[in-house]
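# Tertiary structure, described
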Amino acid sequence: MKSTEELNQIAHQVRRDIVRMVHAVNSGHPGGSLGCTDFFVALYFHVMKHQSQPFEMDGHQEDLFFLSNGHISPVWYSVLARAGYFPVNELATFRKLNTRLQGHPTTHEGLPGIRMASGSLGQGMSVAIGAAQAKKLNGDKQLVYTLHGDGEIQEGQIWEAAMYAAHHKVDNLISTIDVNGQQIDGPTEKVMSLGNLRAKWEAFGWNVLEMDGNVMQNVIDSMAQAKALTGKGQPIMILMTTSMGKGVDFM
Amino acid sequence: MLNFEVTGSNDTRSGFGAGLLEAGKRNPNVVALCADLIGSLKMDAFMKEFPERFFQVGIAEANMMGVAAGLTIGGKIPFTGTFANFSTGRVYDQIRQSIAYSDKNVKICASHAGLTLGEDGATHQILEDVGMMSMLPGMTVINPCDYNQTKAATMAIAEYEGPVYLRFGRPKVPIFVPADMPFVIGKAWHMHEGKDVTIIATGHLVWKAVEAAKDLEAQGISVDLINIHTIKPLDVDAIVKSAAKTGAVVTAEEHQMIGGLGSMVSAVLAQHQPTPLQMVAVDDSFGESGTPEQLMQKYGLESANIIEAAKAVIARKG
């Protein structure tokens, strides 16, 4: 486990990676990636028990992470590379022909660290729930983590999954929503109001926490709190406030 | 040789239920999910035998496909169960991204395919499912013809690594495939040797093709009869060899002409062995309410239609 200061240093490096990757191909989604950088760094360098070499799809006795809002792939790729899943110089191939670092994450090109494709929104929670239930069947006590965009939860499948996870007591799942208040066509409140997110998830039977996703210490403390709530019959939701483009002053 | 021993009559969905139970006994990693249709899919026996390996999903098919994909991570072999319409069209993108593109070992098991669902009408009678599933890269598509073949197919796909779409139905149909016949994915069953016309049938149309072949043989027309249970990957070799021999081909299926067995056999022949072909299939139409028998008659999926198609295609030989 790394200190908060070390984690902040890694986050600086990851933010540099993100800007370089997206700038090199003039495409990709830097805003959400920069906003979620602290969360990803905390997850891969502090919170999760995971193994980068060799990467194993089944992840027995490992914590698993699923990115449901696949468009913030730059931050995930950078963190995976920095955590040793593949060479850092491969980040330069992002979105280029024949790359393993596709525009949106995929298992199809065999990139270590990725366990499902995402990009078409709303699907990741269901897959994570299945993986969490497989862990229970296998007697594996490790946890499953997910990340979703706030705009993403406008997809109906998210709420099918929310209902299912509570009904089946999937209490080895910690989901996080990146509440940055923005989506492609404007502020979420204008495009499609999300309403009271805490009340919604609580009504669906989840244990809900809130955290500031751009304060490393707060992320670490909140994730520890979430972990302590696992195994109690309820799935856990963290509502994570972030700023899109965090760390780049003109974004 | 066309005298297949009929050992009874049952629905293909019951073959699935029996096969699933057997697959579950053989392999502890086999798990099953159902979207509020346990009785219709005949999944009761598996659920009772392995309650901890059975997941009720409720009426939420999109979530079911995702949960199934996730269960493979950790080594499970998930079988999903719902009607064919809700197994394909309703969840196409979930299957595409979370299962096919993600290379997940999920078995999508779909009952009440085609017109023979009957009275519920067109909202439930999907005739496009084979086309949709066949277009997905890496997806295997299987449409067995009787109880025994469906049971054998269900056990075979449990042992196969990769996504599979298994399509079966509701009406009771004769059981004529020998119970001990091994099911080999992608390998056609050459049911009868003949020289005048090839009849290639899948699913519920196989028995109707047997009846048609008997009639044609009685009229002095020699029939090469092939059962294609695996629509993808298609047994190209069996199709090309037979077409080269007879010079005339009829396809028969409970599906749209576009995107079904007939389309795929046409593509194979056009590329490898150009041969006149007639399709017995639904011609760009939705179904409707009615008894299965009435619907099969109205939409031209009877033995009489196969006989008519055979004579028409023979007349087109050069």
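For the structure itself, look to the data block above.
Residues numbered from 1 in each chain as written. Chains lettered and ligands numbered in written order. Predicted model: local features only at pLDDT ≥ 70, side-chain atom pairs only at ≥ 80, totals over all residues.

## Some points on the overall build of chain A
The cut-off we apply is this: Secondary structure is summarised from DSSP: a helix means a run of H or I of at least four residues, a strand means a run of E of at least two, and numbering begins at the N terminus for each. A radius of gyration in this sense is built from C-alpha atoms; the matching globule rule multiplies 2.2 Å by the number of residues raised to 0.38. Residues are treated as contacting if the C-beta atoms built from their backbones sit within 7 Å of each other.
When helices and strands are counted, chain A shows 9 helices and 7 strands. Rg of the C-alpha trace for chain A: 17 Å, near the compact-globule value of 18 Å for 251 residues, within the 12% margin. Counting only contacts in chain A whose residues sit at least 6 apart along the sequence, the fraction spanning at least 24 positions is 75%.

## Here's the deal with the overall build of chain B
Scanning chain B for helices and strands turns up 13 helices and 14 strands. Here the C-alpha atoms of chain B give a radius of gyration of 19 Å, agreeing with the 20 Å that 2.2 N^0.38 yields for 318 residues. Principal axes of the C-alpha set define a box for chain B whose edges measure 60 × 35 × 35 Å. Relative to all contacts within chain B whose residues are 6 or more apart in sequence, the contacts with residues 24 or more apart total 81%.

## Considering the pairing of strand 4 (residues 77-83) of chain B
Residue and element names in this part refer to chain B. Note the cut-off: Once C-beta atoms are placed from the backbone, each residue is buried if 20 or more other C-beta atoms lie within 10 Å of its own, exposed if 12 or fewer, and partly exposed for counts between those two. Strand pairing requires that DSSP identify at least two bridges connecting the strands.
Extensive coverage of strand 4 is indicated by the burial of 7 of its 7 residues. Here strand 2 (residues 30-34) pairs with strand 4 via 5 bridges, running parallel. Following the sheet pairing, Val30 is matched in strand 4 by Ile77. By the bridge criterion, 5 bridges tie strand 4 to strand 5 (residues 107-111) in an arrangement that is parallel.

## Observations regarding the interface of chain B and chain A
Where interface size is given, it is often the accessible area lost as the parts come together that is meant. Threshold: Basically, the charged four are Asp, Glu, Lys and Arg, the nonpolar ten are Ala, Val, Leu, Ile, Met, Phe, Trp, Tyr, Cys and Pro, and anything else, Gly included, counts as polar.
Facing 21 residues of chain B, the contacting portion of chain A comprises 27 residues. The set of elements that each furnish at least two residues to the side of chain B that touches chain A consists of helix 4 (61-71) and helix 6 (92-100) of chain B. Among the residues making up the side of chain B that touches chain A, the classes are represented as 9 nonpolar, 9 polar and 3 charged.

## Description of the packing of helix 5 (residues 124-137) of chain A against helix 4 of chain B
Selection criterion: Inter-axis angles, ranging from 0 to 180 degrees, are taken between N-to-C directions of lines fitted to C-alpha atoms, where helices are fitted over the stretch in contact. Any angle that falls under 35 degrees is termed roughly parallel, while one over 145 is termed roughly antiparallel, one within 65 to 115 roughly perpendicular, and all others oblique. Whether a crossing is left-handed or right-handed is set by the direction in which the near helix is turned from the far one by less than a right angle, anticlockwise for left-handed and clockwise for right-handed.
It is the contact of helix 5 of chain A with helix 4 of chain B, at a shortest axis distance of 6 Å, that shows an interaxial angle of 45°. In this view, helix 5 of chain A runs oblique relative to helix 4 of chain B, as classed from their interaxial angle. At the point where helix 5 of chain A passes helix 4 of chain B, the crossing takes the right-handed sense. Residue-level contacts link Ser126(A), Val127(A), Ala128(A), Ile129(A), Gly130(A), Ala131(A), Gln133(A) and Ala134(A) of helix 5 of chain A to Asn63(B), Gly66(B), Val67(B), Ala68(B), Ala69(B), Gly70(B) and Leu71(B) of helix 4 of chain B. A breakdown of the residues in the contact of helix 5 of chain A with helix 4 of chain B according to their chemical character gives 9 nonpolar, 6 polar and no charged.

## Some points on the packing of helix 1 (residues 12-26) of chain B against helix 8 (residues 147-159) of chain B
Residue and element names in this part refer to chain B. Their axes nearest at 7 Å, the elements helix 1 and helix 8 cross at an angle of 35°. For the crossing formed where helix 1 meets helix 8, the hand is right-handed. Only Tyr147, Asn148, Thr150, Lys151, Ala152, Thr154, Met155 and Ala158 of helix 8 make contact with helix 1, whose side of the interface consists of Thr12, Ser14, Gly15, Phe16, Ala18, Gly19, Leu20, Glu22 and Ala23. In terms of residue class, the contact of helix 1 with helix 8 is built from 8 nonpolar, 7 polar and 2 charged.

## Focus: helix 6 of chain B
Working note: α-helix, 3.6 residues per turn, so residues spaced by three or four point in the same direction. The buried fraction of helix 6 of chain B amounts to 7 of the 9 residues, a majority that puts the element mostly inside the structure. Within helix 6 of chain B, the full set of buried residues consists of Gln94(B), Ile95(B), Arg96(B), Gln97(B), Ser98(B), Ile99(B) and Ala100(B). Lining the buried residues of helix 6 of chain B we find helix 5 of chain A together with helix 4 and strand 5 of chain B.

## Concerning the nonpolar core
Looking at soluble globular proteins, one finds that nonpolar side chains tend to be buried together. All names here are of chain B. Operational definition: Each nonpolar core consists of buried Ala, Val, Leu, Ile, Met, Phe, Trp, Tyr and Cys residues. Their C-beta atoms, within 7 Å, join them into a set.
By size, the foremost hydrophobic cluster in this structure holds 180 residues, and its most contacted members are Ile199 and Ala209. Broken down by element, the residue count for this core peaks at 8 residues, all from helix 9 (residues 205-218). Apart from the residues within four sequence positions on either side, Ala209 is in contact with Ile199, Ala201, Leu225, Ala252 and Ile306.

## Looking at the sheet that holds strand 10 (residues 197-201) of chain B
Residues and elements named next belong to chain B. One open sheet accounts for 5 strands, arranged 9-11-10-13-14; its pairing is mixed. One side of each edge strand has no neighbouring strand; the edge strands of this open sheet are strand 9 (189-192) and strand 14 (277-282). Across the sheet, the mean angle separating the axes of adjacent strands is 20° when strand polarity is ignored. With 5 bridges connecting them, strand 13 (residues 249-256) and strand 14 associate as parallel partners. Across the sheet, residue Thr251 finds its bridge partner in strand 14, namely Met279. Contacts between helix 13 (residues 303-315) and the sheet are confined to strand 10, strand 13 and strand 14, with strand 14 contributing the most and set at about 155° to the helix.

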